[in-house]
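If you want the building blocks of each chain, they are given just below.
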Amino acid sequence: MKGTTLGKIRAYWLGSVVCMGGFLFGYDSGMAIAGGVLTLSSFQSDYRYGSADKTHTNSLSVGLQQLGGFLACFIAWPLTDKLGRKKSLMISSFVFCIGAAIQTINTHSLAAFYVARLIAGLGLGAATVAVPMFNSEMMPKAMRGQVGSFFQWFYTFGIFVSYWIDYGVARGIESTNPSQWQIPIGLQLVPAAFLGLGMLTIPESTRWLTKKGKHDEAWRSLQWIRADSSQATFNEMEEIRLGVTAETMATEGFHLRELLEGENFRRVFAAFAVFTAQQATGATAFAYFGPQYFNLIVGDGDRSLLLTAIFGAVKVVACGIFVLFFSERLSRRQVLVGGAAFMAACQITTAAVVKSFPAPSGGGSTVAPSGIATVALIYLFVIAYNFSWGPMPWPYVSEIFPARIREPGVAVGVASQWLFNFVFSLTTPYMISSMGWGTFLLWGIFDAVIAVLSFVFLKETRGLSLEAIAQQRFKAGSSLNDPQANRKDDILYTEHHEG
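Values in this document were obtained by computation on a predicted structure and should not be read as measured data.

A.B. asks: Mind laying out the pattern of salt bridges, listing which residues take part and the relevant values?
C.D. replies: Taken as a whole and judged by the stated rule, the model has 16 salt bridges. Among the ionic pairs, D81 bridges to K211, the shortest N-O distance being 3.2 Å. Of this pair, D81 sits in helix α4 (residues 54-83) while K211 sits in helix α11 (residues 206-211), placing them 130 residues apart in sequence. Owing to a relative accessible area of 24%, D81 belongs among the partly exposed residues under this scheme. The exposure class assigned to K211 is partly exposed, which follows from its relative accessible area of 25%. In this structure, a network of salt bridges that share partners links the residues D81, R85, E137, K211, K212, R406 and E407.

A.B. asks: How would you sum up the environment of I240? Please name residues and give values.
C.D. replies: Within the secondary structure, I240 is located in helix α13 (residues 231-250). With 22 residues separating them along the chain, I240 and A218 place their C-alpha atoms 9.8 Å apart. The contacts of I240, once residues within four sequence positions are left out, are T206, R207, T210, L222 and E467.

A.B. asks: Give me the lowdown on helix α14 (residues 262-280), citing residues and values where you can.
C.D. replies: Since one α-helical turn is 3.6 residues long, residues separated by three or four positions face the same way. The end-to-end C-alpha separation of α14 is 27 Å, in line with the 27 Å expected for 19 residues at 1.5 Å each. Three or more residues of α14 are buried, namely N264, R267, V268, A270, A271, V274, F275, T276, A277, Q278, Q279 and A280.

A.B. asks: Tell me about the packing of helix α6 (residues 110-138) against helix α20 (residues 406-435), residues and numbers included.
C.D. replies: Axis separation between α6 and α20 bottoms out at 10 Å; the angle between their running directions is 130°. On the basis of the axis angle, α6 is oblique to α20. Classified by chirality, the crossing of α20 by α6 is right-handed. Note on element contacts: α20 touches α6 through R406, E407, V410, A411, V414 and W418, opposite L124, G125, T128, V129, P132, M133, S136 and E137. Residues that form the contact of α6 with α20 fall into these classes: 8 nonpolar, 3 polar and 3 charged.

A.B. asks: Got a sec to walk through the packing of α14 against α20? Specific residues and values, please.
C.D. replies: Running from N to C, α14 and α20 point in directions that differ by 25°, and their axes come no closer than 8 Å. As far as their axial angle goes, α20 and α14 are roughly parallel. Here α14 runs over α20; the crossing is right-handed. Across from V268, A271, F272, F275, T276, Q278, Q279 and A280 in α14, the residues of α20 making contact are G409, V412, G413, V414, S416, Q417, F420, N421 and F424.

A.B. asks: Just give me the short version of the nonpolar core, but keep the residues and values in it.
C.D. replies: Note that soluble globular proteins tend to have their nonpolar side chains buried in a common cluster. Core analysis: the biggest nonpolar cluster contains 123 residues, and V18, F43 and W389 have the highest contact counts within it. Here this core gets 13 residues from one element, more than from any other, and that element is α6. In contact with F43, other than residues within four places in its own chain, are V37, L38, Y49, F113 and W181.

A.B. asks: Explain unusual backbone geometry residue by residue, including any values.
C.D. replies: Not every positive phi belongs to a glycine, and R48 is a case in point at roughly 55°. Examined against the element boundaries, R48 turns out to sit in the loop between α3 (41-46) and α4. Classification of R48 as exposed rests on a relative accessible area of 60%. Although it is not a glycine, H108 sits at a positive phi angle of roughly 60°. Along the chain, the position of H108 falls in the loop between α5 (85-104) and α6.

About the cut-offs
Residues numbered from 1 in each chain as written. Predicted model: local features only at pLDDT ≥ 70, side-chain atom pairs only at ≥ 80, totals over all residues. Heavy atoms only, no water. Salt bridge = Lys/Arg side-chain N within 4 Å of Asp/Glu carboxyl O. Helix = DSSP H or I, 4+ residues; strand = E, 2+ residues; numbered from the N terminus. Buried < 20%, exposed > 50% of the residue type's maximum accessible area, 1.4 Å probe, protein only. Contact = heavy atoms within 4.5 Å. Expected span 1.5 Å × (residues − 1). Axes fitted to C-alpha atoms, helices over the stretch in contact; angles between N-to-C directions. Parallel < 35°, antiparallel > 145°, perpendicular 65-115°, else oblique. Left-handed = near helix turned anticlockwise from the far one by under 90°. Nonpolar A, V, L, I, M, F, W, Y, C, P; charged D, E, K, R; others polar. Core = buried A, V, L, I, M, F, W, Y, C linked by side-chain atoms within 4.5 Å.

Remember, this is a structural readout, not a statement about activity or role.
Set out below in structure tokens:
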């Protein structure tokens, strides 16, 4: 087998193993959304709470997971720096398994369940920091966007799988049987174990090993992932050493204030803004509260659940098509700008239609043409999201930082993802009940603002090595096809520009 082919297989394997953290994130989140485990009568009976406490229980279960994820971002940063990416992900997997195991045990105690949700959130949060760093540091530049986007693809697949498992146990197991809710929760242990044990099959990050002075081990790591020991791979290793050494020697002894200085601050703020924008598109709110949104469009009734299930399938297919066929063929910046603009058009048009032709309160036996049109717009919206702001922030944020501040930079970005995930999941039910069609308009305005700001501020990174990105000024004007702008950056890295 040729080295390049074997190298691609190993790169895909590494990406699949580490992005199992994305599957866990999606599956675990799916249990708390409408129609999930927490709505099963067997769960409510075993944990002894009534319908009046449903909203409170769901909010705490979702919120505590997100709180754990947010806090873990700042714990994971020093952990990944000290122990490396592999061990950090193994620890994350172990912590998540503890939380999942406690949740699976029928303790009859909501307090114990809440603590377990927090513990699982800590494991998930730490994984969401380590995964994008590990991916970006190990992938060849031609595959970094594609494999980095695996995280979102696996996330959508996790939500999709959890929905149908919840649906299956609700239909196939008696509501008096505790296994009705224990099976879907306990199944989380399978992908969590795959994530932890899968680390034993892959090497540590080449760049982290180089940063720690373990040069022989770093060389073996790069040879393994590239399946090659030719002069080209040796040159890449030398480039990594030079880049990491230059960054380390430039300023010995990292201090937090460095994140607020010049170029560093631009990159940190960009990471924070990109993940905040990801949540502000409205797609996460749709993932959590799909049935409620579809009730606004087609009225009350069971069809909103079916539309939500189809919505989940569309996400998986759309994200898969983008990851496999388009992620490395399209400009990062153009994808983010164009995706936000298209989503804005879909949401604003949906708001106009729903306002002009409100859904019947009783649901009705058939869906009106206006309802069909708005459902189609929402599906187009989620396709655009999974072609842009769903998968792209993960590789983009992980690749914009120099090695010196990559851990804290990615941690800040992912922390904003968890923070605004919490904010919008908490506020969306109230937005839907109080604003109605105005909710679609609000998301549309957000998307339009995101498109403009992305066009003005985001820098293109496709086709550049991490070292080249680190050496260039972080500005929107630089691109792979702009030689005048590139000449203003470090000339040592012009050889890495493509196209």
